[in-house]
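In case you want the letters, here they are:
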Amino acid sequence: MRYLLAERGVRTKSGKLLGRSIVSRVLSNPVYYGHFKYAGEVHEGTHEPLISKKLFDDAQVVLNRRFRYSPKDKDTERKVFLGLLRCAECGSAITGEIQKGHTYYRCTKKNRVQKCSQPYAREEALETDISRLLVPFTLREDWADEMLVRLESERKNDVQASTTLAAQKRTSIANISARLQRLLDGFLDGVIDREAYTAEKSKLMSEKRTLEEQCSALSKGRQTWLEPMRKWILEAKSAEQIALTGSPEQKRVLASKVFGSNLVLDGKKPCGAAIKPFALMRDAAICSKVVGEQGLEPWTSCV
């Protein structure tokens, strides 16, 4: 394709062949069959198409088959746990590579000061160990259900309190607006001089603006913590299910939430300290799986 374009005079400004990525973008541009992209969204254009949609789709099939990094290849060669761990010995990043049909993770050994001796870890074994790490952070089902009930009650109470308080502030705003109108009438009638009028108006306008901002905050800001809390409860409740039957991607996402950037690979085994709020689940009173030691440090495990 590049050579065909070059024969017809389509080259870069410097006269070189077009790069493969450029050719791929050209062949993937929907503008040729009558659509166009704007702000990441495809829209229907009014221009006359140069090719049919079927020809465009056929070209995409060929591109996906020939392109070295096609979506199909990405799915089969994707290393799901990349970016989740770092080396416990030297602190370097963990990379992955495929050998004989299996994915192995190892230290990149890019620390020039410290020589690293960490071995390879096979993905299947690593996934099993990560599952074991996640199970103890399962919130007891009865506790989770009770917390969700209390959260809903708190939401209703907040809505009621916010509605009442907002109504009071709207009444105050209406009163200030009436006072402003009376102040203006007094100034126009000559009862109040300009200096007194200007000073009092400035004061009332300031009070009104403050009340308006408070009223707006009541309508959208009082319950900002409720939805994140509810989401966490559901995640913690399903932690064991994800750990035992979830996909590798689901386990990776949950592990990143439980451990953050604290997860390391040590002797083929993942380990690390949990972060809040999962770190608070060390107490057996709220967790059905883990019995933590007494102390202030977050619970740490190395399988």
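Below: a short report on this structure. (Residues numbered from 1 in each chain as written. Predicted model: local features only at pLDDT ≥ 70, side-chain atom pairs only at ≥ 80, totals over all residues. Heavy atoms only, no water.)

### Points about the packing of helix H6 (residues 141-188) against helix H8 (residues 226-237)
Consideration 1: At a minimum axis separation of 10 Å, H6 and H8 run at an interaxial angle of 170 degrees. Regarding the angle of H6 to H8, the classification is roughly antiparallel. Listed contacts from H8 to Glu-141, Ala-144, Asp-145, Met-147, Leu-148, Leu-151, Glu-154, Arg-155 and Asp-158 of H6 are Leu-226, Met-229, Arg-230, Trp-232, Ile-233, Leu-234 and Lys-237.
Consideration 2: Taken together, the residues of the contact of H6 with H8 break down into 9 nonpolar, no polar and 7 charged. (Axes fitted to C-alpha atoms, helices over the stretch in contact; angles between N-to-C directions. Helix = DSSP H or I, 4+ residues; strand = E, 2+ residues; numbered from the N terminus. Parallel < 35°, antiparallel > 145°, perpendicular 65-115°, else oblique. Contact = heavy atoms within 4.5 Å. Nonpolar A, V, L, I, M, F, W, Y, C, P; charged D, E, K, R; others polar.)

### Quick notes on the pairing of strand E4 (residues 94-99)
Consideration 1: Examined bridge by bridge, E4 and strand E5 (residues 102-107) share 6 bridges and lie antiparallel to one another. Counted as the bridge partner of Gln-99 is His-102 from E5.
Consideration 2: Adjacent in sequence and paired antiparallel, E4 and E5 are bridged by 2 residues, among which Lys-100 carries a positive phi angle near 55 degrees. (Pairing = 2+ DSSP bridges.)

### Re the nonpolar core
Consideration 1: Residues Phe-81, Leu-85, Leu-134, Val-258, Phe-259 and Phe-278 are the most contacted members of the largest nonpolar core, which totals 38 residues.
Consideration 2: Put simply, the parts of the chain that give this core at least two residues each are E5, helix H5 (123-134), H6, H8, helix H9 (239-245) and helix H10 (248-259).
Consideration 3: With near-sequence residues (within four places) excluded, Val-258 lies in contact with Leu-134, Phe-137, Ala-274, Ile-275 and Phe-278.
Consideration 4: Ile-173, Leu-180, Leu-183 and Leu-211 belong to the second-largest nonpolar core, a separate cluster that totals 7 residues. (Core = buried A, V, L, I, M, F, W, Y, C linked by side-chain atoms within 4.5 Å. Buried < 20%, exposed > 50% of the residue type's maximum accessible area, 1.4 Å probe, protein only.)

### A look at H5
Consideration 1: Across its 12 residues, H5 extends 16 Å between first and last C-alpha, which sits within 8% of the 16 Å expected from 1.5 Å per residue.
Consideration 2: Within H5, burial applies to Glu-123, Leu-126, Glu-127, Asp-129, Ile-130, Ser-131, Leu-133 and Leu-134. (Expected span 1.5 Å × (residues − 1).)

### Observations regarding the pattern of salt bridges
Consideration 1: The full count for this structure, using the stated rule, is 15 salt bridges.
Consideration 2: For Lys-53, the salt bridge identified is with Asp-57, shortest N-O distance 2.7 Å. With a gap of 4 residues between them, Lys-53 and Asp-57 both fall in helix H3 (residues 53-66), about one helical turn apart.
Consideration 3: On the accessibility criterion, Lys-53 (39% relative accessible area) is partly exposed.
Consideration 4: Note on Asp-57: relative accessible area 32%, which makes it partly exposed.
Consideration 5: Of the charged contacts in the structure, one is a salt bridge between Glu-227 and Arg-230, with a shortest N-O distance of 3.8 Å. (Salt bridge = Lys/Arg side-chain N within 4 Å of Asp/Glu carboxyl O.)

### Describing the packing of aromatic side chains
Consideration 1: Counted under the stated rule, the structure contains 6 aromatic pairs.
Consideration 2: Each ring, one from Tyr-33 and one from Phe-56, has its centre 4.7 Å from the other, and the planes form 55 degrees; the classification is tilted. One end of the pair, Tyr-33, is in the loop between helix H2 (20-27) and strand E1 (35-38); the other, Phe-56, is in helix H3, and 23 residues separate them in sequence.
Consideration 3: Note on Phe-56: relative accessible area 9%, which makes it buried.
Consideration 4: By the ring-pair criterion, three or more aromatic residues cluster together here, those being Phe-137, Trp-232, Phe-259 and Phe-278.
Consideration 5: Seen from the ring of Tyr-33, Lys-53 lies directly overhead, with NZ or CZ sitting 5.3 Å from the centre. (Phe/Tyr/Trp six-rings, centres within 6.5 Å; stacked < 30°, edge-to-face > 60°. Lys NZ or Arg CZ within 6 Å of the ring centre and 35° of its normal.)

### Topic: the side chain of Arg-252
Consideration 1: Position of Arg-252 among the secondary structure elements: in helix H10.
Consideration 2: With sequence-adjacent residues up to four places away left out, Arg-252 is seen in contact with Val-80, Phe-81, Leu-82, Gly-83 and Leu-84.

### Considering the sheet that holds E5
Consideration 1: Here we have 3 strands laid out as an open sheet, ordered E4-E5-E6, and antiparallel in their pairing. A single partner strand is all that each edge strand has here, and the edge strands are E4 and strand E6 (121-122).
Consideration 2: Both E5 and E6 contribute to a ladder of 2 bridges, which runs antiparallel. Considered in E6, the bridge of Tyr-105 is made with Ala-121.

### A word on unusual backbone geometry
Consideration 1: Backbone torsion omega between Lys-276 and Pro-277 reads 5 degrees, so that peptide bond is classified as cis.
Consideration 2: Along the chain, Pro-277 turns up in the loop between strand E8 (269-273) and strand E9 (300-302).
Consideration 3: With a phi close to 55 degrees, Lys-100 is a non-glycine residue in the positive phi region.
Consideration 4: Secondary-structure assignment places Lys-100 in the loop between E4 and E5.
Consideration 5: Its relative accessible area of 84% is what places Lys-100 among the exposed residues.

### Here's the deal with the packing of H5 against H10
Consideration 1: Look at H5 against H10: their axes get within 10 Å of each other, and the N-to-C directions meet at 45 degrees. Our classification of the angle between H5 and H10 gives oblique. Note on packing geometry: the crossing formed by H5 with H10 is left-handed. Residues Glu-127, Ile-130, Ser-131, Leu-133 and Leu-134 of H5 lie in contact with H10, whose contacting residues are Pro-248, Lys-251, Leu-254, Ala-255, Val-258 and Phe-259.
Consideration 2: Considered class by class, the residues forming the contact of H5 with H10 number 8 nonpolar, 1 polar and 2 charged. (Left-handed = near helix turned anticlockwise from the far one by under 90°.)

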